[in-house]
Amino acid sequence: MREFAIAGGLISYGASRSDSWRQAGIYVGRILKGEKPSELPVMQPTKFDLTVNLKTAKALGLNLPYVGFADEVIE
């Protein structure tokens, strides 16, 4: 949850919120088309987001030289 990094946490890693909403919409569509909810498969997140807060890293005296792997970098 990127909110933790935005609030001052160093690193946040979790399921993509937008992807979760998209999957929920697919479920709702399938239910509205007549499928029984009990017969729908359990869907797990497939996309995860990594957020790094460089401002917090600097305050802690940490050097994170390569943050190119992060989905979002807070400076």
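Keep in mind that this is a model prediction, so the values were computed, not measured.

A. Spatial organisation of the overall build of the protein. What the protein contains, in helices and strands, is three helices and three strands. Along the protein, helices (α) and strands (β) appear in the sequence α-β-α-β-α-β when read from the amino end. For the protein, whose C-alpha radius of gyration is 17 Å, the value lies well above the compact-globule estimate of 11 Å for 75 residues. A principal-axis box enclosing the C-alpha atoms of the protein has dimensions of 55 × 20 × 15 Å.

B. Expanded view of the environment of Trp21. Here Trp21 shows up in helix H2 (residues 17–32). A relative accessible area of 63% means that Trp21 is categorised as exposed. Separated by 13 residues in sequence, Trp21 and Gly8 have C-alpha atoms that sit 25 Å apart.

C. The sheet that holds strand S3 (residues 72–74), seen in detail. The strand order across the open sheet formed by three strands is S1-S2-S3, and the pairing between neighbours is mixed. Each edge of the open sheet is held by one strand with a lone partner, namely strand S1 (11–15) and S3. Across this sheet, the average inter-strand angle for adjacent strands is 15°, counted without regard to direction. Relative to strand S2 (residues 48–53), S1 runs antiparallel, the two sharing five bridges. The residue bridging Tyr13 from the neighbouring strand is Leu50, located in S2.

D. Representation of the pairing of S2 in the model. Inspection of the sheet shows S2 paired to S3 by three bridges, in the parallel sense. Looking at the pairing, Val52 lines up with Val73 of S3.

Definitions and limits used
- Along each chain, residue indices are assigned from 1 in the same order as the chain's sequence is written.
- Thresholds applied to this predicted model are a pLDDT of at least 70 for local features of residues and 80 or more for the giving and counting of side-chain atom pairs; totals over whole chains, interfaces and linings are not thresholded and use all residues.
- The basis for every side-chain value is the complete set of non-hydrogen atoms in the structure, without hydrogens or water.
- Counting from the N terminus, the helices are the DSSP runs of H or I reaching at least four residues and the strands are the DSSP runs of E reaching at least two.
- Atoms counted for the radius of gyration: C-alpha only. Globule rule: 2.2 Å times residue count to the power 0.38.
- Only protein chains enter the accessibility calculation, which uses a 1.4 Å probe; a residue is then buried when its area is under 20% of its type maximum, exposed when over 50%, and partly exposed in between.
- Here, any two strands with at least 2 DSSP bridges between them count as paired.
- Lines fitted to the C-alpha atoms define the axes, with helices restricted to the stretch that makes contact. Angles between their N-to-C directions range from 0 to 180 degrees.

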